[in-house]
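Below, each chain spelled out in residue letters.
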Amino acid sequence: MPAPLVLWRLTDGKPGHGRQSEGLVNALATRLPITALDVDVQGLRTLANTLPRPDLVVGCGRQCQIPLWRAGRRFSARTVYLMRPQLPIRCFDLCLIPRHDGVPERDGVIITDGPLNTITNADESRAPFGMILIGGPSKHFAWDPEGLRQAVAKITGDQTLRWELANSRRTPELTSHQLGDLVNDNVRFFDHHRTDSDWLPSRLQRAQTVWVSQDSMSMVYEALSGGAQVGVLPVPTRRPGRVVNAINDLVKRGLIDYYRPDRGPAPSTARRLPLNESGRCAELIIERWLRP
């Protein structure tokens with residue numbers, strides 16, 4: 001038996017970055033024997049000499065860039081960065097860059113449909129419930145709490161599905177209160193303060209229908225990875241940009257649908273195979289470097 005691949009996953013403490021690198025590491029671990037170690041970039045210099053020498057180092061987030069580059073050079077390890085880097089792309093052996101960042105595919109770059117995530121093995125025995133996931137204002141999007149409330153009330157008025165509403169850390173308090181006011185025998189509200197990190201992935205793998213507020217790109221791609229019919233609830237845009245363009249591209253490709261009050265509670269998109277970008281990238285890495 002070959003010795004397990006020693007993999008360092010550099011972390012910066014940000015949950016969104018952590019889910020991306022965790023998705024890749026999990027996908028690699030299902031395909032070949034690895035010893036995976038999580039290493040906080042703040043303590044890397046202290047810990048580096050006490051850890052097994054890495055064969056592969058992965059990281060996501062700006063704070064991980066220079067430590068990732070240094071670890072690759074110091075230990076002659078392969079390096080994978082899971083975002084568009086600020087450093088030159090050639091500083092890393094491979095960069096996994098979302099399509100909406102507008103970087104052309106070339107040597108050392110794999111273009112992905114959105115950021116990677118930990119959602120895998122979508123359950124085809126779908127439960128009769130739908131989800132509505134609400135984000136919040138950002139530098140790309142303003143907010144329309146009353147418009148969202150009306151859309152959510154219209155969708156959840158459908159009695160053929162049970163509905164689960166969930167907010168996020170960016171959701172304004174007023175919007176969270178409005179979501180809570182819609183709770184009834186057919187509608188439940190889940191506050192992000194009272195759910196753990198496994199709750200959303202486990203529900204997305206079983207939901208038939210998922211609506212996501214337009215500002216929440218990561219949740220859109222997580223919903224697509226879960227394999228449900230996916231739609232977006234429009235919110236006002238502050239300015240055109242890559243996030244807005246990415247949503248429009250997904251609509252044009254027929255992967256998601258915009259909410260319209262004159263339609264039913266489900267997006268008009270057809271059921272499709274779930275995205276599995278973490279698995280696809282893991283296969284490409286193995287084929288490139290690790291296949292005997």
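Before any of the text, the structure's been laid out above.
Residues numbered from 1 in each chain as written. Predicted model: local features only at pLDDT ≥ 70, side-chain atom pairs only at ≥ 80, totals over all residues. Heavy atoms only, no water.

Q: I'd like a description of the environment of Ile132, backed by residues and values.
A: Mapped onto the elements of the fold, Ile132 is located in strand E7 (residues 129–133). Remark: the alpha-carbon pair of Ile132 and Trp199, spanning 67 residues in sequence, is separated by 14 Å. (Helix = DSSP H or I, 4+ residues; strand = E, 2+ residues; numbered from the N terminus.)

Q: Talk me through the sheet that holds strand E3 (residues 56–59); I want residue IDs and the actual numbers.
A: What the 6 strands build is an open sheet, ordered E2-E1-E3-E4-E5-E6; its pairing is parallel. The sheet is open, and its two borders are formed by strand E2 (34–40) and strand E6 (109–112), each paired with just one other strand. Taking each pair of neighbouring strands and ignoring which way they run, the sheet shows an average axis angle of 20°. With 7 bridges connecting them, strand E1 (residues 5–11) and E2 associate as parallel partners. Bridging from a neighbouring strand, Thr11 pairs with Asp40 of E2. Its contacts with the sheet put helix H3 (residues 65–75) on E1, E3 and strand E4 (78–81), and the angle it makes with E4 is roughly 165°. (Pairing = 2+ DSSP bridges. Axes fitted to C-alpha atoms, helices over the stretch in contact; angles between N-to-C directions. Contact = heavy atoms within 4.5 Å.)

Q: Describe the packing of helix H7 (residues 217–226) against helix H8 (residues 242–252), naming the residues involved and giving the relevant values.
A: Direction vectors running N to C along H7 and H8 enclose 25°, while the axes themselves pass 11 Å from each other. In terms of orientation, H7 and H8 fall into the roughly parallel class. Between H7 and H8 lies a crossing of left-handed hand. Together, Met217, Val220, Tyr221 and Leu224 of H7 and Val243, Ala246, Ile247 and Leu250 of H8 make up the contact between the two elements. (Parallel < 35°, antiparallel > 145°, perpendicular 65-115°, else oblique. Left-handed = near helix turned anticlockwise from the far one by under 90°.)

Q: Tell me about helix H1 (residues 15–29), and name the residues and values.
A: For an α-helix, the turn length of 3.6 residues means that residues three or four places apart are oriented alike. Spanning 15 residues, H1 covers 20 Å between terminal C-alpha atoms, matching the ideal 21 Å at 1.5 Å per step. Burial in H1 covers these residues: His17, Gly18, Gln20, Ser21, Gly23, Leu24, Val25, Ala27 and Leu28. Buried residues belonging to H1 abut E1, E2, E3, E4, strand E5 (94–98) and helix H9 (277–290). (Expected span 1.5 Å × (residues − 1). Buried < 20%, exposed > 50% of the residue type's maximum accessible area, 1.4 Å probe, protein only.)

Q: Can you explain the nonpolar core? Please cite residues and give values.
A: Counting 49 residues, the largest nonpolar core has Met131, Ile132, Leu133, Val210, Leu224, Leu233 and Ile256 as the members making the most contacts within it. At 6 residues, the largest contribution of residues to this core is made by H7. Ranked by size, the runner-up nonpolar core spans 22 residues in total, among them Leu5, Val25, Leu32 and Trp289. (Core = buried A, V, L, I, M, F, W, Y, C linked by side-chain atoms within 4.5 Å.)

Q: Give me the lowdown on the side chain of Asp215, citing residues and values where you can.
A: Inspection of the secondary structure puts Asp215 in the loop between strand E10 (209–213) and H7. A residue is classified by how much of its surface remains accessible, and Asp215, at 7% relative accessible area, is buried. Among the polar contacts made by the side chain of Asp215, one reaches the side chain of Ser216 at a distance of 3.0 Å. If near-sequence neighbours (up to four positions away) are discounted, Asp215 is found in contact with Gly135, Gly136, Phe141, Trp143, Arg170 and Val235. (Polar contact = N/O pair within 3.5 Å; in protein donor to acceptor, adjacent residues only side chain to side chain.)

Q: Describe the environment of Asp198, with residues and values.
A: Note on placement: Asp198 falls in the loop between strand E9 (187–190) and helix H6 (199–204). Asp198 sits 80 residues away from Thr118 along the chain, and the two C-alpha atoms are 9.6 Å apart.

Q: I'd like a description of the pairing of strand E11 (residues 229–233), backed by residues and values.
A: Within E11, 5 of the 5 residues are buried, which leaves it mostly tucked inside the rest of the structure. Burial along E11 is two-sided: the residues Gln229, Gly231 and Leu233 and Val230 and Val232 are all buried. In this region the chain leaves E10, passes through H7 and returns to the parallel neighbour E11; the handedness of that crossover is right-handed. Sheet topology places E11 next to strand E12 (residues 257–258); 2 bridges connect them, and they run parallel. Looking at the pairing, Gly231 lines up with Asp257 of E12. The parallel pair E11 and E12 is bridged by H8, and the resulting crossover is right-handed. (Right-handed = clockwise from strand over helix to strand, strands pointing away.)

Q: I'd like a rundown of the state of the cysteines, residues and numbers included.
A: For the coordinates displayed, the defined rule picks out 0 disulfides. In this model Cys91 remains outside any disulfide bridge; the closest cysteine sulfur is found in Cys95, 8.7 Å from its own. (Disulfide = S-S within 2.5 Å.)

Remember, this is a structural readout, not a statement about activity or role.
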